[in-house]
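# Structural characterization, general
So you can see what is in the structure, the chains are spelled out below.
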Amino acid sequence: MLLEKYKIEEFNQAGLAEHKRRFDFAASYVKNIDEVLQKLIDFQVAIPSWALGTGGTRFGRFAGGGEPRSLEEKIEDVGLLHQLNRSSGAISLHIPWDIPQNPAAIKALAAQHGLKFDAVNSNTFQDQPDQKLSYKFGSMQHVDKAVRKQAVDHNIEVIRHGIELGSESLTVWLSDGSSFPGQLNFRKAFQNTLESLQEVYAALPDNWKMFVEYKAFEPNFYSMSVGDWGQSYLYASKLGEKAYTLVDLGHHLPNANIEQIVSLLLMEGKLGGFHFNDSKYGDDDLTVGSVKPYQLFLIFNELVEGMDARGMNHATDLGWMIDASHNVKDPLEDLLQSVEAIMIAYTQALLVDRKALAEAQQANDVVRCQEILQTAARTDVRAIVAEARLRSGGALQTLQAFRQLELRKALIGERGLKAVSTGL
Ligand code: LRH
Ligand code: MN
Ligand code: MN
């Protein structure tokens, strides 16, 4: 479904005067407003192909209507998001959930929607119907070399799909680990995993990156073979300069200081990218910024500081992806909310007075340090984010536009009420 441009323009027209008042007020507090706006316009967050349908839990799934039934329709959905917010210009595929049968046509369709292909994700955490050996006891860590080889071959196959689409990175998340003490030898599991990752690494094209995603628990509940940033960092360091750690915000033990992890990985040049989501308990995969928006701001604060210190390009030097699941919300509405939350936190981080903060830190003025951060975090930057969208042809308010233009209704009309997508 292609949304006619004039509909967005008409929607914007109605709110323009009000927006201008709000934007002028917000901009009057920002010295380098044009620079901030350009950074926002450039910033793109990839949408995961597995988050466009309603998710579920192991207890049930309550699907909505008009969900995408194919990769083509998923691309159309991301295209729709991108038309509204101009910040969702990429899609991240999970294979074999979304295998491009005709890559040239898929690539052309994506280009038509202004979309690129971000990291491709491999899947060795499930057994596929036609698969020879089982991953029940792990994949890259497995005691049987033949299982490890099968996992390696799958990853190389995923890289091949990525090359055809123009992706430039592979994300490897392993569910490998153990559910009970004594089940495996930690050292052997690590060494098997490393050897397998090295074989995949050897198949990476020169311009590609490999992201090693860690997770503290689930599905294994005693140990995970890539359980935290230390283990991921160890693999990434041993693999080489094309390997990086990927931080999924939901993959830590409670109260972990994620912003500090981000800062140190950046310092070491080993931070590769993000899976954004939010959580209260574990890997809840909730809407970004819905539970801990201040934490999100603090993470972006470290990202901006650290990337600037290393002279990195905010938009292109890290992989920005969402990884979420939508159990009770319309997936597209949820994704619009997530992207908005990311843009807000990023903008607030851009507003931090870095010089004043460094001075206050040097003077051990703890109160002033806190005030400087919270001044930025408490600034209402929504009109600045909206202005960036307006300047790049998006909707002033994305969620309101989605509802007012009755886009879900149109999708249901096109695909039917029973159209159910593959989702997490
Ligand atoms: C694991 C994870 C990983 C997978 C995705 C489906 O919890 O975050 O990124 O690829 O979910
Ligand atoms: Mn993830
Ligand atoms: Mn996860």
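All values derive from a computational prediction rather than experimental measurement. (Residues numbered from 1 in each chain as written. Chains lettered and ligands numbered in written order. Predicted model: local features only at pLDDT ≥ 70, side-chain atom pairs only at ≥ 80, totals over all residues.)

### Re the environment of Val247
By secondary structure assignment, the location of Val247 is in strand E9 (residues 243–248). By the C-beta count within 10 Å, which is 25 here, Val247 ends up buried. Expressed as a C-alpha distance, the spacing of Val247 and Ile342, which sit 95 residues apart in the sequence, is 15 Å. Apart from the residues lying within four places of it in its own chain, the contact partners of Val247 are Ile258, Ile261, Val262 and Phe274. (Helix = DSSP H or I, 4+ residues; strand = E, 2+ residues; numbered from the N terminus. Buried ≥ 20, exposed ≤ 12 C-beta atoms within 10 Å, placed from the backbone. Contact = placed C-beta atoms within 7 Å.)

### Remarks on helix H13 (residues 382–391)
In terms of burial, H13 is a largely internal element, 8 of the 10 residues being buried. Within the sequence span of H13, burial applies to Ala383, Ile384, Val385, Ala386, Glu387, Ala388, Arg389 and Leu390. Buried residues in H13 make contact with helix H1 (5–27), helix H2 (33–42), helix H3 (71–85) and helix H10 (331–350). Gly393, located one to two residues past H13, shows a positive phi value of around 90°.

### Thoughts on the nonpolar core
In this structure, Ile91, Leu170, Val212, Ile322, Ile342, Ala345 and Ala349 are the most contacted members of the largest nonpolar core, which totals 109 residues. Broken down by element, this core gets its largest block of residues, 12 residues, from H10. Leave out the neighbours within four places in its chain, and Ile342 touches Val45, Phe276 and Val288. (Core = buried A, V, L, I, M, F, W, Y, C linked by C-beta atoms within 7 Å.)

### Focus: the sheet that holds strand E7 (residues 209–213)
Strand order in this open sheet of 6 strands is E4-E5-E7-E9-E10-E11, and the pairing throughout is parallel. Each having just a single partner strand, strand E4 (120–121) and strand E11 (319–322) make up the two edges of the open sheet. Strands E4 and strand E5 (169–173) of the sheet are contacted by helix H5 (residues 145–165), whose axis makes an angle of about 150° with E5. On top of the sheet, helix H7 (residues 229–239) reaches E7 and E9; it is set at about 160° to E9, its chief contact. (Pairing = 2+ DSSP bridges. Axes fitted to C-alpha atoms, helices over the stretch in contact; angles between N-to-C directions.)

### What to know about the sheet that holds strand E2 (residues 90–92)
If you trace the 3 strands from one edge of the open sheet to the other, you get E1-E2-E3, paired in parallel fashion. The sheet terminates laterally at strand E1 (47–48) and strand E3 (116–117), the two strands that pair on one side only. Note: E2 against E3, 2 bridges, orientation parallel. Its bridge partner being in E3, Ile91 is matched across the sheet by Phe117.

### A word on unusual backbone geometry
The linkage connecting Ile95 with the following residue, Pro96, adopts the cis geometry, with an omega of 20°. The peptide bond linking Glu218 to Pro219 adopts the cis configuration, its omega dihedral lying at 10°. Assignment of secondary structure puts Pro219 in the loop between E7 and strand E8 (223–224). Unusually for a residue other than glycine, Asn255 sits at a positive phi of about 70°. Tracing the sequence through the fold places Asn255 in the loop between E9 and helix H8 (258–267).

### Topic: the environment of Gly65
Here Gly65 lies in the loop between E1 and H3. A tally of 17 C-beta atoms within 10 Å means that Gly65 is categorised as partly exposed. Considering only alpha carbons, one finds Gly65 and Leu411, 346 residues apart in sequence, at a separation of 8.0 Å. The contact partners of Gly65, leaving out residues within four places of it in the chain, are Ile412, Leu417 and Ala419.

### Some details on the pairing of E7
When you tally the buried positions in E7, you get 4 out of 5 residues, the bulk of the element. With 5 bridges joining them, E5 and E7 adopt parallel strand pairing. Paired with Val172 across the strands is Val212, a residue of E7. Where E7 lies against E9, 4 bridges are found, and the strand directions are parallel. Of the residues in E9, the one forming a bridge with Phe211 is Tyr244.

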